[in-house]
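If you want the building blocks of each chain, they are given just below.
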Amino acid sequence: MSSRLVRGLRVQVASYNAGEQYDGSKVPDLTEWLVPTLTESRRSGYVTRPAPPSGPDAMGPREAPDIYAVAFQEFAPLSSALAGQIQVPLAKVDTEIRRTVRLHQSVVRDDHMYDPLEMGGGPENYAKIAEVSHGGLVLFVYARERAPQHARGIVLSAAQRVKEVRTSYVGTGIGMIMGNKGAVGARVTLASAVTGARDEVITFVCAHLAAHDHKVARRNADWRNIVERLVFDPASTQPPLVLQEPTMGPGQLGAVQSVAAGRQTLTPSPLDQHEYSLYDTHHLFVLGDLNYRVATGVEGVSPQGVPVRPGSFPPITRETVRAAARSFQPSQWAEILPYDQLSIERAAVPARTMHSLFIPDMAHLKIPPTYKYKAGGEMEQMSKKRLPGWPDRLLWASSDAMQGNEALRCELYRSLMRYTASDHKPITAIVELPYQLDPLTEFLPVPYDLHPYWRSMRTLGRCVDRLVGYLWMLLLTFGHGHLALALLEIGLLVLVAMYWLPGHWPW
């Protein structure tokens, strides 16, 4: 049997620092970002690595992924995001994502048609298994309701394998508690694809760390706080799924019902009473604006993690970074990637951030800098205000006892240059999981213990977020959308009150 017929789940992760553009107005088209095709050009996002399959395993256009994890940072205006008043843009973006991925098969086919129904063709249905937001961070997770198109025998779809979903959030912004920075996450427990084998856990984390070139230590501290305080407790368990397609797939109508069948109540039912960290998982995906920039004035390291002799990568200047980034030549990007702050911090002994996570090589993948572009400008128009770099990343790890991170196979990694509304470019990757975990596999090693006061800090942070958010929104309303005008008007009112109440100026 072809290896393609026993493939593991295929997960597409996508991240976009949206620059607060989702304010409830029209959502731009997401097709190029969420349904990448095999047509490559430097204007559509550079190459797919590895190359598409050929020979007996080449079975037509790329099939729809089994799981989508779509993450946003700076999703909506910060005032409404802190106040928790983003329900309308959340609903609109969710609808647009579903509309986009539903047409997957017709988008990737050259003739823009669907396969016959008996071959598993037609529009896709994805069940939303998680939606979690905090401050400007948003994470959507969807599971495909259709079994893999070319699978044989009785095969459960990704949605039918879902047994439990837990969500969590943490603020690491002002005071290390506010939601202007932090993380949101979803922990998904799936029934094994192999009868009798133990469950498989996948965790998705959308993170936004501290900004500015020089705040490397603060970014590392943010990551530590996320590991310590992003906790998936039983109370965060989501209700079971109600699927549109409860059957098994092509040629198997009515064969097996959904895993959730028989639990039609919408009452959440946790599998256990344990509290889990983001590292208590078999597969971990971290996506977001990690804000690690290109360092200047320091020695570089090998992007592949290979030890090198001192002096192999001498310090570079800011001018060198700008010139290399703006050249839009992959060979020149490769010359500045040894100075990537993320690689430098990971190369430290012990590692100072993103422990155990695989960092894709941006030079090998020919990924252009994802930041900083002129928002609303031309496609490749970079801003002069900040140093270019790769703050937007998609990282992953696997605890598979046999292969480790190599158990996850990267099918595609892409940045999308056409999106110009933000000063960041969206990124996406498709990663194939192993069909079955090694029987000796345990969870990933945990670099930091859970914080004893994580719950209290989260509650305090949320209260401060709401207070600041509602006050900010009130000021914007008072100032007709301009904070400076609101403060000026308040100042004038204070002066008038100081004169009017006593009947004379107090000085």
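Residues numbered from 1 in each chain as written. Predicted model: local features only at pLDDT ≥ 70, side-chain atom pairs only at ≥ 80, totals over all residues. Heavy atoms only, no water.

Draft legend 1. Structural detail: the overall build of the protein. Along the backbone of the protein there are 12 helices and 11 strands. Expressed as a percentage of its 507 residues, the buried residues of the protein come to 53%. Contacts in the protein between residues far apart in sequence, at least 24 positions, make up 74% of those at least 6 positions apart. On the protein, roughly 22000 Å² of surface is accessible, and the fraction owed to carbon and sulfur atoms is 59%. (Helix = DSSP H or I, 4+ residues; strand = E, 2+ residues; numbered from the N terminus. Buried < 20%, exposed > 50% of the residue type's maximum accessible area, 1.4 Å probe, protein only. Contact = heavy atoms within 4.5 Å. Areas by Shrake-Rupley, 256 points an atom, 1.4 Å probe, with all protein chains shown as cover.)

Draft legend 2. Structural view of the pairing of strand β3 (residues 126-134). Note: β3 against strand β4 (residues 137-144), 8 bridges, orientation antiparallel. Residue pairing for β4: H134 is matched across the bridge by L137. (Pairing = 2+ DSSP bridges.)

Draft legend 3. Local environment of a nonpolar patch on the surface. A cluster of nonpolar side chains, F478, L483, L485, L487, L488, I490, L492, L493, V494, L495 and M498, forms an exposed patch at the surface whose accessible area comes to about 910 Å². In terms of residues, the nonpolar patch owes the most to one element, helix α12 (residues 483-500), which gives 10 residues. In this fold, L485 is placed in helix α12. Taking relative accessible area as the criterion, L485 reaches 31% and is therefore assigned partly exposed. (Patch = residues over 30% accessible without salt bridge, like charges linked within 9 Å, V, L, I, M, F, W, Y side chains within 5 Å. Salt bridge = Lys/Arg side-chain N within 4 Å of Asp/Glu carboxyl O.)

Draft legend 4. Focus on the side chain of R229. For R229, the location among the structural elements is in helix α6 (residues 216-229). Within the structure, the side chain of R229 is placed 3.0 Å from the backbone oxygen of M176, a separation counted as a polar contact. The residues contacting R229, other than those within four sequence positions of it, are Y169, V170, G171, T172, M176, I177, H451, W454 and M457. (Polar contact = N/O pair within 3.5 Å; in protein donor to acceptor, adjacent residues only side chain to side chain.)

Draft legend 5. Examining the sheet that holds strand β1 (residues 10-17) more closely. Spatially, the 6 strands line up as an open sheet ordered β3-β4-β2-β1-β11-β10, and their pairing is mixed. Here the strands that pair on one side only, and so sit at the sheet edges, are β3 and β10 (409-415). Strand-to-strand twist of the sheet, defined as the mean angle between neighbouring strand axes without regard to direction, takes the value 10 degrees. Each of β2 (67-73), β3 and β4 touches helix α3 (residues 87-102); the most contacted strand, β4, lies at about 35 degrees to it. (Axes fitted to C-alpha atoms, helices over the stretch in contact; angles between N-to-C directions.)

Draft legend 6. Summary view of the environment of P239. Take P239: it is sitting in the loop between α6 and β8 (283-289). Note on P239: relative accessible area 41%, which makes it partly exposed. C-alpha of P239 to C-alpha of S269: the two residues are 30 residues apart in sequence and 7.2 Å apart in space.

Draft legend 7. Quick peek at the nonpolar core. Formed by 58 residues in total, the largest nonpolar core has its most connected members in F204, F285 and Y413. Sequence-distant contacts of F204, defined by excluding residues within four places in its chain, comprise V11, V13, I67, A69, L139, V141, V184, G185, A186, V188 and F285. Counting residues in each nonpolar core, the second largest holds 28 residues, with Y22, V70, I97 and V138 among its members. (Core = buried A, V, L, I, M, F, W, Y, C linked by side-chain atoms within 4.5 Å.)

Draft legend 8. Representation of the environment of L278 within the structure. Along the chain, L278 turns up in the loop between α6 and β8. By relative accessible area, which is 0% here, L278 ends up buried. In sequence terms L278 and E228 are 50 residues apart; their C-alpha atoms lie 8.8 Å from each other. If we ignore the near neighbours within four places in the chain, the residues touching L278 are T203, V205, W223, I226, V227, L230, F232 and L284.

Draft legend 9. Molecular detail of helix α11 (residues 454-478). Its 25 residues give α11 an end-to-end C-alpha distance of 36 Å, which sits within 8% of 36 Å, the value for a rise of 1.5 Å per residue. Every buried residue belonging to α11 is among W454, R458, G461, D465, G469 and L475, and all of these are buried. Looking one or two residues beyond α11, the residue adopting positive phi is H480, at roughly 55 degrees. (Expected span 1.5 Å × (residues − 1).)

Draft legend 10. Representation of empty space enclosed by the protein within the structure. Following the criterion strictly, the structure yields 4 cavities of 30 Å³ or more and no others. In this structure, the second largest cavity encloses a volume near 60 Å³. Every residue lining the second largest cavity is listed: P303, L337, D340, S343, I359, P360, D361, M362 and R393. (1 Å grid on protein atoms, 1.4 Å probe; cavity = no way out; pocket = protein on both sides within 12 Å on 5 of 7 lines; lining within 4 Å. Points joined across faces, edges and corners; volume = space filled by probe spheres on them.)

Draft legend 11. Structural view of the sheet that holds strand β7 (residues 200-208). With mixed pairing, 5 strands are arranged side by side in an open sheet as β5-β6-β7-β8-β9. What marks the edges here is a single partner per strand, and that holds for β5 (162-171) and β9 (392-398). Geometrically, the sheet is characterised by an average inter-axis angle of 10 degrees between neighbouring strands, direction not taken into account. In the sheet, strand β6 (residues 182-190) pairs with β7 via 9 bridges, with the strands oriented antiparallel. In the strand pairing of β7, G182 is matched with H208.

Draft legend 12. Local environment of the side chain of S79. Within the fold, S79 resides in helix α2 (residues 78-83). Assessed through its relative accessible area of 6%, S79 is described here as buried. In this structure S79 touches G469, W472, M473 and L476, once residues within four positions along its chain are discounted.

Draft legend 13. Quick peek at the pattern of salt bridges. Taken as a whole, this structure holds 25 salt bridges when the rule is applied. The partner of E124 in a salt bridge is R144, with the nearest N and O atoms 2.9 Å apart. One end of the pair, E124, is in the loop between α4 (104-108) and β3; the other, R144, is in strand β4, with 20 residues separating them in the sequence. Here E124 and R144 have matching classes, each one buried. Across the pair E432 and R409 runs a salt bridge, and its minimum N-O distance is 3.0 Å. Here E432, found in strand β11 (residues 427-432), pairs with R409, found in strand β10; they are 23 residues apart in sequence, far enough to count as distant.

Draft legend 14. Spotlight on unusual backbone geometry. Here the residue pair V349 and P350 is connected by a cis peptide bond, since its omega of -5 degrees sits within 30 degrees of zero. Its location among the elements puts P350 in the loop between α9 (341-347) and α10 (362-365). The residue after Y371, namely K372, is reached through a cis peptide bond having omega 0 degrees. Relative to the elements of secondary structure, K372 occurs in the loop between α10 and β9. Positioned with a positive phi, N291 is a non-glycine residue whose angle comes to about 65 degrees. Mapped onto the elements, N291 comes out in the loop between β8 and α7 (318-327).

Draft legend 15. Quick peek at the pairing of β8. Across the 7 residues that make up β8, a large majority, 7, are buried. Relative to β8, β7 runs parallel, the two being bridged by 7 bridges. Directly across from V205, in β8, lies its bridge partner V286. One ladder, built from 7 bridges, connects β8 with β9; its direction is antiparallel. Across the sheet, V286 pairs through a bridge with L395, a residue of β9.

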